[in-house]
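What the coordinates show
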Amino acid sequence: MRTAMLRSIQSSLKNTSSSTLLRRSYSSESAPERKVVILGAAGGIGQPLSLLMKLNPLVSSLSLYDIAGTPGVAADVSHINTRSEVVGYMGDENLGKALEGADVVIIPAGVPRKPGMTRDDLFNINAGIVKGLCTAIAKYCPHALVNMISNPVNSTVPIASEVFKKAGTYDEKRLFGVTTLDVVRAKTFYAGKAKVPVSGVNVPVVGGHAGITILPLFSQATPQANNLSDEEIVALTKRTQDGGTEVVEAKAGKGSATLSMAYAGAIFADACLKGLNGVPDVVECSFVQSNITELPFFASKVRLGKNGVEEILGLGSLSDYEKQGLEALLPELKSSIEKGIKFANQS
Ligand SMILES: NC(=O)c1ccc[n+]([C@@H]2O[C@H](COP(=O)([O-])OP(=O)(O)OC[C@H]3O[C@@H](n4cnc5c(N)ncnc54)[C@H](O)[C@@H]3O)[C@@H](O)[C@H]2O)c1
Ligand SMILES: O=C(O)C[C@H](O)C(=O)O
C-alpha cells in the first residue's frame, strides 16, 4: 500500500510529454546525481515541497535551508526511504554549504499575503530576502537553475537577474519564475467546467504571476471543449487570475497557497531535472527572460534542456478576448519588472 502510494505520487510528478523509454531509464537510481536546494524549507511551502522533492527519484542530494527550523524538517524528511540524502542547514553562516554543488535551487523564502494585500505589498520585505539569497547563489552555485517562487514573482525574477548580472554570473537560460500554480489552477477549473477528465487537460498560461498579468489561454486548451460560452471563458479566466486571492481569503490571515504551490513547485523542479538529464520534449510555462513581447520578461511555454531554457515557444494564436487581456496586462507587468530592476540597482 505504501509502495503503491509512493509510486502514484512519483508517477504524477512525471512530465506527460516525456518518452516512456527515457522515463523508465531515469526512474531508477541510475539517474545522474543531482543536488536540489530549497531556500525557505521550513515554511508553509517549504515543508511539503521538501517532502515532494524527497519522493523524487531524480534527486540524489536534498539540501534544506532556512533561517530557522530546518534541523527538524530535515530530520523528519530524511527518514523516508527514498534515494536522496537530506541535510538541513540553518542560519546565514551555513548558506554557502547548503548551496555548494547545487543543480537546482528552489526559492520559496519570504512572507506570504494576508487578506486585502496584493502580491506587490510583499515587495518591501521579499525583495531584500531574494536579493540576499541570489547574491549567495552567484557566489556558491552560479551554474544552478534557479526556480523563483517568492512573490511578487513579476519583480523578484528581475531582481535575481540584476544580482546575477552584477556578479557576472547571469545566464538567462537558468532563471525561472515559477508560474506552474497558475497552470495547475487553469487545468483544474477548466476540467470542472468543461466536464472532461482533469488528467488529460492542458492549458497554457502566459504573462506574469499577479492578477490580470496571469493570462490563461483557454482557446488553446486541450481537449478543446465546445460546450463553454464566452461568459464561462471570462469567468474561468477571472477565477484563474484570482486563484491566489481565493486561497488567501479562505485561509483568513493564515497565509496563502502552500500545498498546491508545493505540488506545482515539485512539478516544475522535476521538469528542470528532466531537462538537465536530457529527457526530450519537456515543456512547461515559466516567467523567463524573453523577447516574445516588448517586455524583457514574460511567462510562456518553454522547452527545458541540459542548459535550462532550450527554447521559448511563441504565444500561438489568441482569441480576441485573449488579445485584449494581453494588451491590458503589459503596462502592469512592465512596471513590476522595472520596480525589481530599480531596487536591485539602487540598494
Ligand atoms: N509563485 C507562486 O505561485 C507562489 C505561490 C504561493 C506562495 N508564493 C510565495 O512564496 C513565499 C513563501 O510562502 P509561504 O507560504 O511558504 O510563507 P511562510 O512564511 O510559511 O514561509 C516562508 C519561509 O521563508 C523563510 N525565510 C524568510 N527569510 C529567509 C531567508 N533570508 N532565507 C531563507 N529562508 C527565509 C521563513 O523562515 C519561512 O520559513 C511568499 O512570498 C508567497 O507569496 C508564491
Ligand atoms: O496569492 C498569493 O499571494 C500566493 C501565490 O502567488 C498564489 O498564486 O497562490
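Attention in this report is confined to the structure presented alongside it. (Residues numbered from 1 in each chain as written. Chains lettered and ligands numbered in written order. Predicted model: local features only at pLDDT ≥ 70, side-chain atom pairs only at ≥ 80, totals over all residues. Heavy atoms only, no water.)

**Re the overall build of the protein**
Within the protein, the secondary structure is distributed over 12 helices and 11 strands. Taken over the C-alpha trace, the protein has a radius of gyration of 19 Å; the compact-globule value for 347 residues is 20 Å, and the two agree within 12%. In terms of principal-axis extent, the alpha carbons of the protein reach across some 55 × 50 × 40 Å. Looking at the protein residue by residue over its 347 residues, the buried ones come to 54%. Sequence-distant contacts in the protein: of pairs separated by 6 or more residues, those separated by 24 or more amount to 71%. (Helix = DSSP H or I, 4+ residues; strand = E, 2+ residues; numbered from the N terminus. Rg over C-alpha atoms; globule rule 2.2 N^0.38 Å. Buried < 20%, exposed > 50% of the residue type's maximum accessible area, 1.4 Å probe, protein only. Contact = heavy atoms within 4.5 Å.)

**Side note on the site of ligand 1**
In the region of ligand 1, 28 residues are neighbours, and Gly44, Ile45, Asp66, Val111 and Asn151 sit closest. Between an oxygen atom of ligand 1 and a side-chain N or O atom of Asn126, the distance comes to 3.1 Å. Between Ile149 and ligand 1, the recorded distance is 3.1 Å, taken from a backbone N or O atom to a nitrogen atom. Across the complex, the protein chains shield 85% of the 850 Å² of accessible surface that ligand 1 would expose by itself. Breaking the shell around ligand 1 down by element, the ones donating at least two residues are strand S2 (61-66) and helix H6 (123-140). Examining the composition of the shell around ligand 1, we find that 3 residues originate from one element, H6, more than from any other. (Near = heavy atom within 4 Å. Polar contact = N/O pair within 3.5 Å; in protein donor to acceptor, adjacent residues only side chain to side chain. Areas by Shrake-Rupley, 256 points an atom, 1.4 Å probe, with all protein chains shown as cover.)

**Details of the pairing of S2**
Taken across its 6 residues, S2 has 5 buried, putting it largely inside the fold. Of the pairings in the sheet, the one linking strand S1 (residues 35-39) to S2 comprises 5 bridges and is parallel in character. Looking at S2, one finds that Leu39 is bridged to Tyr65. Between the parallel elements S1 and S2, the chain passes through helix H3 (residues 46-54) in a crossover that is right-handed. (Pairing = 2+ DSSP bridges. Right-handed = clockwise from strand over helix to strand, strands pointing away.)

**Quick word on the state of the cysteines**
Disulfide: a covalent bond connecting the sulfur atoms of a pair of cysteines. Enumeration according to the criterion identifies 0 disulfides in this entry. Lacking any disulfide linkage, Cys134 is separated from the closest cysteine sulfur, that of Cys141, by 9.6 Å. Classification of Cys134 by relative accessible area gives buried; the value is 0%. Looking at the unpaired Cys272, the closest cysteine sulfur is the one in Cys285, lying at 13 Å. (Disulfide = S-S within 2.5 Å.)

**Focus: the pattern of salt bridges**
By the definition in use, this model includes 12 salt bridges. Arg239 is the partner of Glu246 in a salt bridge, and the nearest nitrogen-oxygen pair spans 2.9 Å. You can call Glu246 partly exposed: its relative accessible area is 37%. Between Glu311 and Arg303 there is a salt bridge whose closest N-O contact spans 2.9 Å. Three or more residues are tied together by salt bridges with common partners; here these are Asp281, Arg303 and Glu311. (Salt bridge = Lys/Arg side-chain N within 4 Å of Asp/Glu carboxyl O.)

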